[in-house]
Amino acid sequence: MCANVTQPDDAPGTTTSGSSGLWSRLANNPEPAVRWGIVAAVLLLVELGAFLGGVLTILDATVMGVTAFFDVVLGVFSPALAGMVVDVQLALSGFIEGLRASAHEMPTLLSRDVIPNQGYKTPDGSWIGPFMGLSPAIAWALRLSLVLVYSLFSFYWLYRGWLTFRRHYRKADWTPKDDMVNRLRNHSWGKFGVVVLVLFLTMSLFGTTMAPSTVSQNITSSYGHEFQYYSEETGQVETITSGQANFNSKSKGAGDQNVGVMSYDEYDRFHPFGTLTNGRDLFTYMMGGAQITLMVAGISIGLASLIAALLALVSSYYTGIVDLSVLTIADGVVSIPQLLLLILVSVVFQNHWLASVLNGGLLLALIFGLTTWPFLWRSLRGPALQVAQEEWVDAAKSFGQRPTTTMRKHMFPYVLGYLLIYASMSVGGIVIAMASLSFLGNGLGISPPTPAWGRAISLGQPYVSTQSWHISLIPGIMIVILVTGANALGDGIRDAIDPESEGGSEEEAAAAGGGA
């Protein structure tokens, strides 16, 4: 039987098929999807290379994380099997790296090639090199503004896509997700968390375009990149490597040895956040640090969430000895101080191949993931035990449904909302722990020269009270904003899935949790 359902908030005349498939509903009313798809396609084509590069980076990190997990587990029983896993990992990673290099070579509308900001100032005051002869500061600000506008609009359009699906193509007129999203839209603190998350995702995806220079040109391969500048001594245009220019652009807080916020160095390079003690551009450093920070935090919280959700469902479904075993293991992991464990494992694996992947980021991600899951599991265990005693779960068991199907279809949707809350709140702790390791140094944390926010704070520590205050203060503020934003997002999700804040009943609370 096929029933047509008219959406009350739709445009007049728009109808959806209640029991037909999605493709049928699209065929019956293609106009809203086409309108959304045309704009989405334009947005994608404008920055196709950057998007593909970001997706391939995430895919590469996922392959690394999964294969590393199997390598560690299999290595306990058979080093030969672990070696085979490493071979597969290297082959896959090399293939993805080749694709990523090709993606980065694709032209994009907002790239630094289209809007360059590097150049030099001639004696008559004009600029040679930057976009349309503008000063490097204005050219950089123009490119940064366009990237931010593009990114914010792209995220908004993704949200519009979900609204289009909900209004025109979803079977149900209402689900608990709708109320959750509406509450989050009216939650100021939660919206602050969403904005912070979007901005840091933008920094991670488009950091290379947003920065005045690239991490490769200014930091990791600075002596392999040359640029031109006008020398007042010789009166000619000279060529110099970024490494040599960095050496003469250090910020050490003494006399004129400082390149501060929103200033130029003697080679006409603009530095929005100033330079580090080794002369590297701090803004570029922050963009590179954002990418590795979000990558490690994402892998960590993803791994911890996966383990915690699986164990919460299994332990609550079977209870008894299974629940007791998981509880014992979780207590054992929690009893070990995480920071000491991080330092110990980092030292033990210092010469292991794991420490070379993502310049130590993968090893950190695995450690964070394997030590964070007990906290998430404890938070999910209560809701999972509660839903396991519901009548619909008993009904599924009495009909002979497989346990995995019952857990996936009837229990997991209920705990997903709680998982989102506690996972988002745990991200802040991972970011702080990661920065702490990089701050301590001595082989801990992300390996140099790969940017790490904690290392920047450590470099600027002796100069906090000098004119080079920016080296420590700016990375510190960024960490505070990111951690606060993650916690705000968790608070917003928590309030959004809790109908009691609006006077709802227990049944509505259960429905909201299930629909989250």
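Quick note: structure is the one above.
A. Expanded view of the overall build of the protein chain. Across its full length, the protein chain holds 18 helices and 8 strands. Taking 2.2 N^0.38 as the reference for a compact globule, 516 residues should give roughly 24 Å; the C-alpha atoms of the protein chain span a radius of gyration of 26 Å, in line with that estimate. Over its C-alpha atoms, taken along the principal directions, the protein chain stretches across nearly 90 × 60 × 45 Å. Looking at the 516 residues of the protein chain, the share that counts as buried comes to 47%. Counted over contacts in the protein chain with a minimum sequence separation of 6, partners at least 24 positions apart contribute 68%. Of the roughly 25,000 Å² of accessible surface on the protein chain, a fraction of 65% belongs to carbon and sulfur atoms. For the protein chain, the separation between the mean place of its 27 positive charges and that of its 36 negative charges on side chains is 5 Å.

B. Expanded view of the layout of surface pockets. Approximately 970 Å³ is the volume found for the second largest pocket. As for the second largest pocket, its lining consists of 21 residues, and the residues nearest its centre are F155, Y159, L184, V194 and V198. If you list the elements that add at least two residues to the lining of the second largest pocket, you get α5 (136–168), α6 (176–185), α7 (188–210), α15 (403–440) and α17 (470–496). Within the lining of the second largest pocket, the residues separate by chemical class into 17 nonpolar, 1 polar and 3 charged.

C. The arrangement of the nonpolar core in detail. Counting residues in each nonpolar core, the largest one holds 89 residues, and the members touching the most others are M203, V296, F368, W373, M411 and W453. If you tally residues by element for this core, the top one is helix α10 (residues 282–318), at 20 residues. Look past the residues within four positions of W453 in its chain and what remains in contact with it is F200, M203, M286, G289, A290, T293, P475, M478, I479 and L482. Core analysis: the second largest hydrophobic core is formed by 7 residues, M180, L489, A496 and I497 among them.

D. A look at the pattern of salt bridges. Following the criterion strictly, the structure yields 8 salt bridges and no others. Note that R35 is salt-bridged to E31, the shortest N-O span being 2.8 Å. Of this pair, R35 and E31 both sit in helix α2 (residues 31–46), 4 residues apart, roughly one helical turn. Classification of R35 as partly exposed rests on a relative accessible area of 48%. Residue R170 pairs with D178 through a salt bridge whose shortest N-O separation is 2.6 Å. Like R170, the residue D178 is buried in the burial classification. Via salt bridges that share partners, R166, R170 and D178 belong to a single interconnected network.

E. Molecular detail of α7. For α7, with 23 residues, the first-to-last C-alpha span of 28 Å runs short of the 33 Å given by 1.5 Å per residue. Buried within α7 are the following residues: G190, G193, V196, V198, F200, T202, M203, S204, F206, G207, T209 and M210.

F. Representation of the packing of helix α12 (residues 338–348) against α15 in the model. It is the contact of α12 with α15, at a shortest axis distance of 11 Å, that shows an interaxial angle of 50°. Relative to α15, the element α12 lies oblique. The chirality of how α12 crosses α15 is right-handed. Contacts from L339, L342 and I343 in α12 reach A433, L437 and L440 in α15. By residue class, the composition of the contact of α12 with α15 is 6 nonpolar, no polar and no charged.

G. Quick look at the packing of aromatic side chains. Going through the model one piece at a time under the given rule, you end up with 15 aromatic pairs. Grouped by ring-pair contacts, the aromatic residues W127, W140, Y264, F270, F273 and F283 constitute a single cluster. Directly above the ring of Y317 sits K397, whose terminal nitrogen or CZ lies 4.5 Å from the centroid.

H. Just empty space enclosed by the protein, in detail. If you walk through the whole model with that rule in mind, you get 1 cavity of 30 Å³ or more. Of the pockets and cavities examined, the largest cavity occupies roughly 70 Å³. Forming the boundary of the largest cavity are T293, V431, M434, A435, S438, I446, A452, W453, G454 and I479. Of all the secondary-structure elements, those providing two or more residues to the lining of the largest cavity are α15 and α16 (453–460). At 4 residues, α15 tops the list of elements feeding residues into the lining of the largest cavity.

I. Geometry of α15. Look at α15: only 47 Å from first C-alpha to last across 38 residues, short of the 56 Å you get at 1.5 Å a residue. Downstream of α15 by one or two residues, G441 has phi in the positive range, about 70°.

Rules of the game
Throughout this description, residue numbers start from 1 for each chain and increase along the sequence as written. The predicted origin of the model limits local features to residues at a pLDDT of at least 70 and limits the giving and counting of side-chain atom pairs to 80 or more, whereas totals for whole chains, interfaces and linings rest on all residues. To get the side-chain values, all heavy atoms of the structure are used, and hydrogens and water are removed first. Elements are defined by DSSP. Helices are runs of H or I of four residues or more, strands are runs of E of two residues or more, and each kind is numbered from the N terminus. Two things to know: the radius of gyration comes from C-alpha atoms, and the globule rule equals 2.2 Å times the number of residues to the power 0.38. Working definition: with a 1.4 Å probe on protein chains only, accessible area under 20% of the residue-type maximum means buried, over 50% means exposed, and in between means partly exposed. Working rule for contacts: check all heavy atoms of both residues, and any pair within 4.5 Å makes them a contact. Using the Shrake-Rupley algorithm and a 1.4 Å probe, accessible areas are obtained, with residue cover drawn only from the displayed protein chains. We count Lys and Arg on the positive side and Asp and Glu on the negative side, and we leave His and both chain ends out. Think of each charge as sitting on NZ of Lys, CZ of Arg, CG of Asp or CD of Glu. Points on a 1 Å grid, built from protein atoms alone, make a cavity when a 1.4 Å probe fits but cannot get out and make a pocket when they are open with protein on both sides within 12 Å along at least 5 of 7 lines; residues with an atom within 4 Å of a point are the lining residues. Grid points are joined across faces, edges and corners, and a volume is the space filled by probe spheres set on the points. Amino acids are sorted into nonpolar (Ala, Val, Leu, Ile, Met, Phe, Trp, Tyr, Cys and Pro), charged (Asp, Glu, Lys and Arg) and polar (every other residue, Gly among them). As used in this record, nonpolar core signifies buried Ala, Val, Leu, Ile, Met, Phe, Trp, Tyr and Cys residues forming a set joined through side-chain atoms within 4.5 Å. Take a side-chain nitrogen of Lys or Arg and a carboxyl oxygen of Asp or Glu: if they are within 4 Å of each other, that pair is a salt bridge. Any helix carries an expected span of 1.5 Å times its number of residues minus one. Every angle, taken between N-to-C directions, lies between 0 and 180 degrees, and every axis is a line fitted to C-alpha atoms, over only the stretch in contact when it is a helix. Note on terminology: angles under 35 degrees are roughly parallel, angles over 145 are roughly antiparallel, angles of 65 to 115 are roughly perpendicular, and the others are oblique. A crossing counts as left-handed when the near helix is turned anticlockwise from the far one by less than a right angle, and as right-handed when that turn is clockwise. Between rings of Phe, Tyr and Trp, where Trp is taken as its six-membered ring, a pair exists when centres lie within 6.5 Å; planes separated by under 30 degrees are stacked, by over 60 edge-to-face, and by other angles tilted. Cation placement over rings: the criterion is NZ of Lys or CZ of Arg within 6 Å of the ring centroid and within 35° of the ring normal.

Structural measurements only, silent on function.
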